[in-house]
Amino acid sequence: LVIEGTGEIYSPSNSYPWKMDKNFDYKNDIKTVIFSEGITLIGNDAFRDCTGLKNVKISNTVTKIGGWAFNNCTSLISVEIPNSVTEISSGVFRGCTSLTSVEIPNSVITISDTAFKGCTSLTSVEIPNSVTEISNGVFEGCTSLTSVEIPNSVTTIGDTAFLDCTGLKIVTIPNSVTTIGASAFLGCTSLPSVSIPNSLNYLSNNAFSGCTNLTEVFYNAKSCYTSSAAEQFAIFKDCDNLSTVII
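Residues numbered from 1 in each chain as written. Predicted model: local features only at pLDDT ≥ 70, side-chain atom pairs only at ≥ 80, totals over all residues. Heavy atoms only, no water.

Engineer: Sorry, what's going on with the overall build of the chain here?
Structural biologist: Helix and strand counts for the chain come out as two helices and 20 strands. By the compact-globule yardstick of 18 Å for 247 residues, the chain fits well, its C-alpha radius of gyration being 19 Å. By principal-axis analysis of the C-alpha atoms, the chain measures approximately 60 × 30 × 25 Å. Split into buried and exposed, the 247 residues of the chain put 49% on the buried side. Partitioning the contacts of the chain with sequence separation of at least 6, the portion at a separation of at least 24 is 34%. In the form shown here, the chain has an accessible surface area of approximately 10900 Å², with 47% of it arising from carbon and sulfur atoms. (Helix = DSSP H or I, 4+ residues; strand = E, 2+ residues; numbered from the N terminus. Rg over C-alpha atoms; globule rule 2.2 N^0.38 Å. Buried < 20%, exposed > 50% of the residue type's maximum accessible area, 1.4 Å probe, protein only. Contact = heavy atoms within 4.5 Å. Areas by Shrake-Rupley, 256 points an atom, 1.4 Å probe, with all protein chains shown as cover.)

In structure tokens:
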């Protein structure tokens, strides 16, 4: 399927041509989508649930990928996002269970909530230093993700950002991060150690709960706030193998 023209691909009623006929499920017949030069926006839900879609080529005139545009495209293996894109909206690639890799260019400023949630085959991702926040649930349930290097442009790691990333073994949190949200790394059962940067001001409840392989924590934060005493005890709840905390 080749999308040609100029401007935005957007349908407020989700009446895209390949989804309009209720008697024929055309969307599942789409294997490849090519966005030609001139397209600037891929609209919300555009190819949601196109379970046969394997390849996507996005032109370098696209600046925004709308919410849930490729949600639940379970056959999509890889996608290259051009350096014209500045925003990846909520849930764009959520549930793309065959997606193994993604290249995010330095033009991207915003990666919104749950953008890659449930991408269970995603093994690697490079977050560019143009991004300032890892939003809520962005990589939640990415069980094949083994390492993440967070750039020093990021100040906030949102709630559930890496929740249940059970394969995650290495995470680098830079000194730019001031906030780690609730359950951000909860259930990362392969994570052996973590270093809390001295820039951190707020560490929320259950941030590292259930990290059952966690054995050591390097706690460099000089002044860190939690909203209640109960939250302080829950931060490393059920980290049964935690034996060393270096302050």
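Engineer: I keep staring at the sheet that holds strand β12 (residues 133–134) and nothing clicks. Help me out?
Structural biologist: Paired through backbone hydrogen bonds, the strands of a sheet run either parallel or antiparallel to each other. The strand order β12-β14-β16-β18 describes an open sheet built from four strands, whose pairing is parallel. Every other strand in the sheet has two partners, leaving β12 and β18 (202–203) as the edge strands with one partner each. Pairing between β12 and strand β14 (residues 156–157): two bridges, direction parallel. Among the inter-strand pairings, E133 is bridged to a residue of β14, identified as T156. (Pairing = 2+ DSSP bridges.)

Engineer: What is the right way to look at the sheet that holds strand β2 (residues 7–9) in this model?
Structural biologist: Here five strands make up an open sheet; going across it, the order is β2-β4-β6-β8-β10 and the pairing parallel. Looking at which strands have only one partner, the edges of the open sheet turn out to be β2 and β10 (110–111). By the bridge criterion, three bridges tie β2 to strand β4 (residues 39–42) in an arrangement that is parallel. Looking across to β4, one finds that G7 is bridged to I39.

Engineer: Which parts of the structure should I look at to understand the side chain of E140?
Structural biologist: On the secondary structure map, E140 appears in the loop between β12 and β13 (147–149). Contacts of E140, omitting those with residues within four sequence positions, involve K117, G118, T160, A161 and L163.

Engineer: Mind showing me how you'd approach the pairing of strand β3 (residues 32–35) here?
Structural biologist: A regular strand carries its side chains on alternate faces of the sheet. Only one face of β3 is covered, namely the one carrying V33 and F35; the face carrying T32 and I34 has none of its residues buried. As defined by bridge partners, strand β1 (residues 2–3) adjoins β3 across two bridges and the pair is classed as parallel. Bridge assignment links V2 to a residue of β3, and that residue is I34. Two elements, β3 and strand β5 (residues 55–57), share three bridges in a ladder whose sense is parallel.

Engineer: Is there a simple way to think about the pattern of salt bridges in this case?
Structural biologist: Two side chains with opposite charge may pair up if their charged atoms get near one another. Tallied over the entire structure, the rule returns two salt bridges. We note a salt bridge from R48 to D45, for which the minimum N-O separation is 2.9 Å. What makes R48 partly exposed here is its relative accessible area of 31%. Looking at D45, the relative accessible area reads 18%, which means it is buried. Where K117 meets E140, a salt bridge forms, and the shortest distance between an N and an O atom there is 3.6 Å. One end of the pair, K117, is in the loop between β10 and β11 (124–126); the other, E140, is in the loop between β12 and β13, and 23 residues separate them in sequence. (Salt bridge = Lys/Arg side-chain N within 4 Å of Asp/Glu carboxyl O.)

Engineer: Could you clarify how one ought to interpret the nonpolar core in this entry?
Structural biologist: Considering soluble globular proteins, one finds that nonpolar side chains tend to be buried as a cluster. Of all hydrophobic cores here, the largest spans 73 residues; its most connected members are F70 and F162. Only β3, β4 and β17 (193–196) provide two or more residues apiece to this core. Setting aside chain neighbours within four positions, we find F70 in contact with F35, I42, F47, L53, V56, I65, V92, F93 and C96. (Core = buried A, V, L, I, M, F, W, Y, C linked by side-chain atoms within 4.5 Å.)

Engineer: Mind showing me how you'd approach unusual backbone geometry here?
Structural biologist: Among all residues save glycine, negative phi is the norm, and among peptide bonds the norm is trans. In this structure, D49 takes a positive phi of about 65 degrees despite not being glycine. Looking at the element boundaries, D49 is found in the loop between β4 and β5. On the basis of relative accessibility, which here comes to 30%, the residue D49 falls in the partly exposed class.

Engineer: Teacher, can you tell me more about the state of the cysteines here?
Structural biologist: Joining two cysteines, a disulfide is a covalent bond between their sulfur atoms. Counted by the stated rule, this structure contains zero disulfides. With no disulfide of its own, C73 lies 5.1 Å from the sulfur of C96, the closest cysteine sulfur. For C73, a relative accessible area of 0% puts it in the buried group. (Disulfide = S-S within 2.5 Å.)

Engineer: Hey, could you run me through a negative patch on the surface in this one?
Structural biologist: A contiguous patch of negative charge on the surface is contributed by E80, E103, E126 and E149. A residue is classified by how much of its surface remains accessible, and E103, at 51% relative accessible area, is exposed. (Patch = residues over 30% accessible without salt bridge, like charges linked within 9 Å, V, L, I, M, F, W, Y side chains within 5 Å. Lys, Arg positive; Asp, Glu negative; His and termini not counted. Charge placed at Lys NZ, Arg CZ, Asp CG, Glu CD.)

All quantities given are derived from atomic positions and should not be read as evidence of function.
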